[in-house]
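# Results of the structural survey
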Amino acid sequence: MEYSFVRSSVVEAHALEALNNRGVMIEDIAKLTLFLQKPYVPDLTIETCIESIEHVLKKREVQNALLTGIELDMLAEKEGLSFPLQQMLKTDESLYGVDETLALSILNLYGSIGFTNYGYIDKLKEGVLSILNDKSTGKVNCFLDDLVGAIAAAASSRLAHRYRARLESEETNQ
């Protein structure tokens, strides 16, 4: 039996396209990352945040989570799911936690700082998250808002670790 697989470059391209098609740009996520890390990394720029987001988005696990969550959101938007799942996703029901669980799979890649950042940004609904949470648009973003928050939080965690490494390196070189 021949094993067939989808190339990583194809998965990455489709994940980025799915994000863009849902109205989320890398710059939107980078603004969230900047918001989260600017108090802790004084010289942080949006360009550095974009670089960190791009690094996170290169991970296959992140791409898989995006493709899965966005697909479920689109199915719910088209009334393509069975009851009660259809209703729970369409209303982003508070007791439905699978969307957060999928987002946590991204955070597991970058350590505990990502978890605290995710909880904070998820509660605040800063930037693009407030747009994704607007139920009046008719769009279903039950999964997408959590995934975007998780990507921003993971990138923040990555930046925090890199900043500490830089400080330690500077200290050693003095």
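Residues numbered from 1 in each chain as written. Predicted model: local features only at pLDDT ≥ 70, side-chain atom pairs only at ≥ 80, totals over all residues. Heavy atoms only, no water.

### Structural notes on the pattern of salt bridges
Side-chain pairs of opposite charge can arise whenever the charged atoms involved come near each other. Taken as a whole, this structure holds nine salt bridges when the rule is applied. Glu12 is the partner of Lys58 in a salt bridge, and the nearest nitrogen-oxygen pair spans 2.9 Å. Separated by 46 residues along the polypeptide, Lys58 in the loop between α3 (46–57) and α4 (60–77) and Glu12 in helix α1 (residues 8–21) bring together distant segments of the chain. A relative accessible area of 19% places Glu12 in the buried class. The salt bridge involving Asp92 is made with Lys135; its shortest N-O contact spans 4.0 Å. Of the two residues, Asp92 is situated in the loop between α5 (85–91) and α6 (98–107) and Lys135 in the loop between α8 (128–132) and α9 (144–172); the sequence distance between them amounts to 43 residues. For Asp92, a relative accessible area of 19% gives the class buried. (Salt bridge = Lys/Arg side-chain N within 4 Å of Asp/Glu carboxyl O. Helix = DSSP H or I, 4+ residues; strand = E, 2+ residues; numbered from the N terminus. Buried < 20%, exposed > 50% of the residue type's maximum accessible area, 1.4 Å probe, protein only.)

### Observations regarding the side chain of Gln37
With respect to the helices and strands, Gln37 occurs in helix α2 (residues 26–37). Discounting chain neighbours no more than four positions away, the residues touching Gln37 are Leu44, Asn117, Ser156, Leu159 and Ala160. (Contact = heavy atoms within 4.5 Å.)

### Thoughts on the layout of surface pockets
Looking at the largest pocket, its volume works out to about 190 Å³. Going through the elements one at a time, α3 and α9 are the ones with two or more residues in the lining of the largest pocket. Considering every element that reaches the lining of the largest pocket, the biggest residue donor is α9, with five residues. Considered class by class, the residues forming the lining of the largest pocket number four nonpolar, one polar and five charged. (1 Å grid on protein atoms, 1.4 Å probe; cavity = no way out; pocket = protein on both sides within 12 Å on 5 of 7 lines; lining within 4 Å. Points joined across faces, edges and corners; volume = space filled by probe spheres on them. Nonpolar A, V, L, I, M, F, W, Y, C, P; charged D, E, K, R; others polar.)

### Some points on unusual backbone geometry
The omega torsion of the bond from Phe83 to Pro84 falls at 10°, within 30 degrees of zero and hence cis. Backbone geometry places Glu79, a non-glycine residue, at a positive phi of 60°. Turning to its location among the elements, Glu79 is positioned in the loop between α4 and α5. Residue classification places Glu79 among the partly exposed positions, given a relative accessible area of 46%. You will see that Lys125, though not glycine, has its phi angle at about 60°, which is positive. Topologically, Lys125 is positioned in the loop between α7 (112–124) and α8. We classify Lys125 as partly exposed; its relative accessible area is 26%.

### What to know about the packing of α7 against α9
Packing of α7 against α9 leaves a shortest axis separation of 8 Å and a crossing angle of 135°. The pairing of α7 with α9 is recorded here as oblique in orientation. Taken as a pair, α7 and α9 cross one another with a handedness that is right-handed. Across from Ile113, Gly114, Asn117, Tyr118, Ile121 and Asp122 in α7, the residues of α9 making contact are Asp146, Gly149, Ala150, Ala153, Ser156, Ser157, Ala160 and His161. When the residues that make up the contact of α7 with α9 are grouped by side-chain class, the tally is six nonpolar, six polar and two charged. (Axes fitted to C-alpha atoms, helices over the stretch in contact; angles between N-to-C directions. Parallel < 35°, antiparallel > 145°, perpendicular 65-115°, else oblique. Left-handed = near helix turned anticlockwise from the far one by under 90°.)

### Examining the side chain of Asp145
Looking at the secondary structure, you find Asp145 in helix α9. Setting aside chain neighbours within four positions, we find Asp145 in contact with Asp92, Lys125, Leu129, Leu132 and Asn133.

### A word on the packing of aromatic side chains
The final tally for this structure, using the stated rule, is three aromatic pairs. Residues Phe35 and Tyr120 carry aromatic rings whose centres are separated by 6.3 Å and whose planes lie at 5° to one another, so their mutual orientation is stacked. Linking Phe35 in helix α2 with Tyr120 in helix α7, this pair joins segments that are 85 residues apart in sequence. When its relative accessible area of 31% is taken as the criterion, Phe35 is described as partly exposed. For the pair Tyr96 and Phe143, a centre-to-centre distance of 6.2 Å together with 80° between the ring planes defines the contact as edge-to-face. Linking Tyr96 in the loop between α5 and α6 with Phe143 in the loop between α8 and α9, this pair joins segments that are 47 residues apart in sequence. Residues Tyr96 and Phe143 agree in their burial class; the two are buried. (Phe/Tyr/Trp six-rings, centres within 6.5 Å; stacked < 30°, edge-to-face > 60°.)

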